[in-house]
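Geometric and topological summary
Now for the letters of each chain:
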Amino acid sequence: MKTILIFASILILTAGVFAQKESVPFVLESEPVLVSPGNITEHAGKLFPKLVFQEANIRAVLQFFAETGDVNLVIDPPVDAKVNLKLYNITWETGLTSILNTYELVITQDGNVYRVQNLEDYRQRITEARDYNKKQQELLPLETKIVELNYADASNMTQVIQQAMSERGEIIVDSRTNSLIIKDIRETFPKIDSLTLALDTETPQIRVSAKIVNVDKSYIRQLGVQWGATGNNVQPYDQSVGIDVSPTTPPPMGSVRWGIVSGDYNINAEINAMVSDNVGEVVDNPEIVTLDNQEATLKSGDQVPVSMLDEAGNIVTVYYNAGVELTVKPHVTSQNRVALDVIVTKNDYREGTSGQYIIIEREATTSCIVDNGGALVIGGISSKGVDKTNSGVPVLKDLPILGRLFRYDSTDKTDTELVIYITPYIILPESTVDNY
């Protein structure tokens, strides 16, 4: 009976010891960090008029620098050499650095104690520490954690999260709940949580408003826009300098001009004034809301039926988009401004022979940075037209035959320019769309 009690007591004590060992968390062995002699003492600039060492033991030389620099230096036992050195007007830092480089020594820090060791020994310790940590990690149990994402796409986060995981870690994407199922050792989860907190943020939204206005060419100079550049592919980053990059042959859209106006420029007031003075007409005002760095398309125009012959000789009708199409990719910068990548396409048409239409395609691109609420202004898209009017004496001008005596026809040629204002508005998470 006593034997059974003793054996049971041993089992209980043994189980308690093992349970205590398992509860102790594993701590990775830290790698020693190299330090420079100039960073270990405030006496690094101390000047020695003359330093002479002849067949001196390097341990004694290092001890001399420890005492003169008021530094706690511990020297590894393998460090051994004879020093022959004669230096003049040398600082404490330069002298010690010269000895370390000559004899391939390095200094590592442990609190306020600095350890001098051979470079090869240091490299070996680093390798051993990494191997030890790797083997210890292989013995640790794996745990599972579910990381729920509010804003970021789980599929796009996997590559970033994997940088914080161990080699044994696994990650699964649950697209239904936009979550990450992570299986790894416990020590990696704080780094994963830190990355998730920094990256899982709400993406800014941007409202892009475009005002397309037909303006009389004679009024263009009065718009108040400082045109920064002209041409087909320009980058109007510096609006203070006028740049003329127009090619020798006219580009597809004519001489396209780009300009930037600040938020103080009242676009609506300018457009209303043009309309009131009969020098401008608002063609369209498309708007769209898109996410940061997401491309958006704004269209304004009609579909024109064009008849053509197919391979069998049959007449088929194809519809083409005629009007203005804007492709905008906005990005909110760190200065709370908006970078815009813009492609503007202007498709026009004119009547050809046999009642068909000829489609004229024009396109230009640019990249620029504008203020929140400012505007990128695109000009130079010319168009000419003919307005035919029929005037005369009411009633009498509509009489058969005799009506010609009481009416007259007039033809007015119009020369206008299409001006497009593209204005981005940053929508903050707690703001409303109407708060501009």
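Placed above this text is the structure.
Here we summarise the structure given alongside this text.

Procedures and definitions
- Residues numbered from 1 in each chain as written.
- Predicted model: local features only at pLDDT ≥ 70, side-chain atom pairs only at ≥ 80, totals over all residues.
- Heavy atoms only, no water.
- Helix = DSSP H or I, 4+ residues; strand = E, 2+ residues; numbered from the N terminus.
- Buried < 20%, exposed > 50% of the residue type's maximum accessible area, 1.4 Å probe, protein only.
- Contact = heavy atoms within 4.5 Å.
- Areas by Shrake-Rupley, 256 points an atom, 1.4 Å probe, with all protein chains shown as cover.
- Arc of directions from axis to C-beta.
- Polar contact = N/O pair within 3.5 Å; in protein donor to acceptor, adjacent residues only side chain to side chain.
- Pairing = 2+ DSSP bridges.
- Axes fitted to C-alpha atoms, helices over the stretch in contact; angles between N-to-C directions.
- Expected span 1.5 Å × (residues − 1).
- Phe/Tyr/Trp six-rings, centres within 6.5 Å; stacked < 30°, edge-to-face > 60°.
- Parallel < 35°, antiparallel > 145°, perpendicular 65-115°, else oblique.
- Left-handed = near helix turned anticlockwise from the far one by under 90°.
- Core = buried A, V, L, I, M, F, W, Y, C linked by side-chain atoms within 4.5 Å.

1. So, the overall build of the protein
Within the protein, the secondary structure is distributed over seven helices and 21 strands. Taking all 436 residues of the protein together, the buried fraction comes to 35%. Partitioning the intrachain contacts of the protein with sequence separation of at least 6 by distance along the chain shows that 68% fall at a separation of at least 24. Total accessible area on the protein stands at roughly 27,100 Å², and carbon and sulfur atoms take up 50% of it.

2. What about helix α6 (residues 189-199)?
Along α6, the residues that are buried comprise F189, I192 and T196. In an axial view of α6, the angular spread of the buried residues amounts to 60°, which keeps them on one side of the axis. Exposed and facing more than 90 degrees away from the buried side of α6 are P190, L197 and A198. The secondary structure elements touched by the buried residues of α6 are β6 (143-148), α5 (154-161) and β8 (179-184).

3. Some thoughts on the side chain of T196
Along the chain, the position of T196 falls in helix α6. One polar contact links the side chain of T196 to the main-chain carbonyl oxygen of I192, over a distance of 2.8 Å. Not counting residues up to four positions away in its chain, the partners in contact with T196 are V147, L149, M157 and I161.

4. Re the sheet that holds strand β4 (residues 105-110)
Strand order in this open sheet of three strands is β2-β5-β4, and the pairing throughout is mixed. Bordering the open sheet on either side are β2 (72-75) and β4, each of which pairs with just one other strand. Taking the axes of each pair of neighbouring strands and ignoring which way they run, one obtains an average angle of 30° across the sheet. Packed on one face of the sheet, helix α4 (residues 119-139) meets β4 and β5 (113-118) and runs near 105° to β5.

5. Digging into the sheet that holds strand β7 (residues 170-174)
Ordered in space as β6-β8-β7, the three strands form an open sheet in which the pairing is antiparallel. Each edge of the open sheet carries a strand with a single partner, namely β6 and β7. In this sheet, neighbouring strand axes are inclined to one another by 20° on average, regardless of whether the strands run parallel or antiparallel. Pairing geometry for β7 and β8, over five bridges, is antiparallel. Note that in β8 the partner of E170 across the bridge is K183. Across the sheet, α6 lies against β6 and β8, angled at about 5° from β6, the strand it touches most.

6. Let's talk about α4
Taking 1.5 Å per residue as the helical rise, α4 with its 21 residues ought to reach 30 Å, and the 31 Å between its terminal C-alpha atoms agrees with that figure. Among the residues making up α4, those that are buried are Y122, I126, A129 and N133. Angular distribution of buried residues about the axis of α4 spans 65°; they occupy a single face of the element. For α4, the exposed residues lying more than 90 degrees away from the buried face are E120, K135 and L139. For α4, the elements touching its buried residues are β4 and β5.

7. A few points about the packing of aromatic side chains
Tallying each qualifying case throughout the model produces four aromatic pairs. For the pair F64 and F65, a centre-to-centre distance of 5.5 Å together with 80° between the ring planes defines the contact as edge-to-face. An aromatic cluster is present here, built from F48, F53, F64, F65 and W92 joined pairwise through their rings.

8. Overview of the packing of α5 against α6
The contact between α5 and α6 brings their axes to 11 Å, and the two run at 135°. Here α5 lies oblique to α6, going by the angle between them. Crossing hand, α5 versus α6: right-handed. For the pair α5 and α6, the contacting residues are M157, V160 and I161 in the first and I192, L195, T196 and L199 in the second.

9. What about the nonpolar core?
Core analysis: the largest hydrophobic core is formed by 27 residues, its most contacted members being I58, L62 and W92. Mapped onto this core, the elements with two or more residues apiece are β1 (47-57), α2 (58-69), β2, β3 (82-91), α3 (92-102), β4 and β5. Looking at this core element by element, the count peaks at five residues for α2. Every residue in contact with I58, bar those within four places of it in the chain, is listed here: V79, D80, A81, V83, I99, Y103 and L105. V328, V332, L376 and L418 belong to the second-largest nonpolar core, a separate cluster that totals 24 residues.

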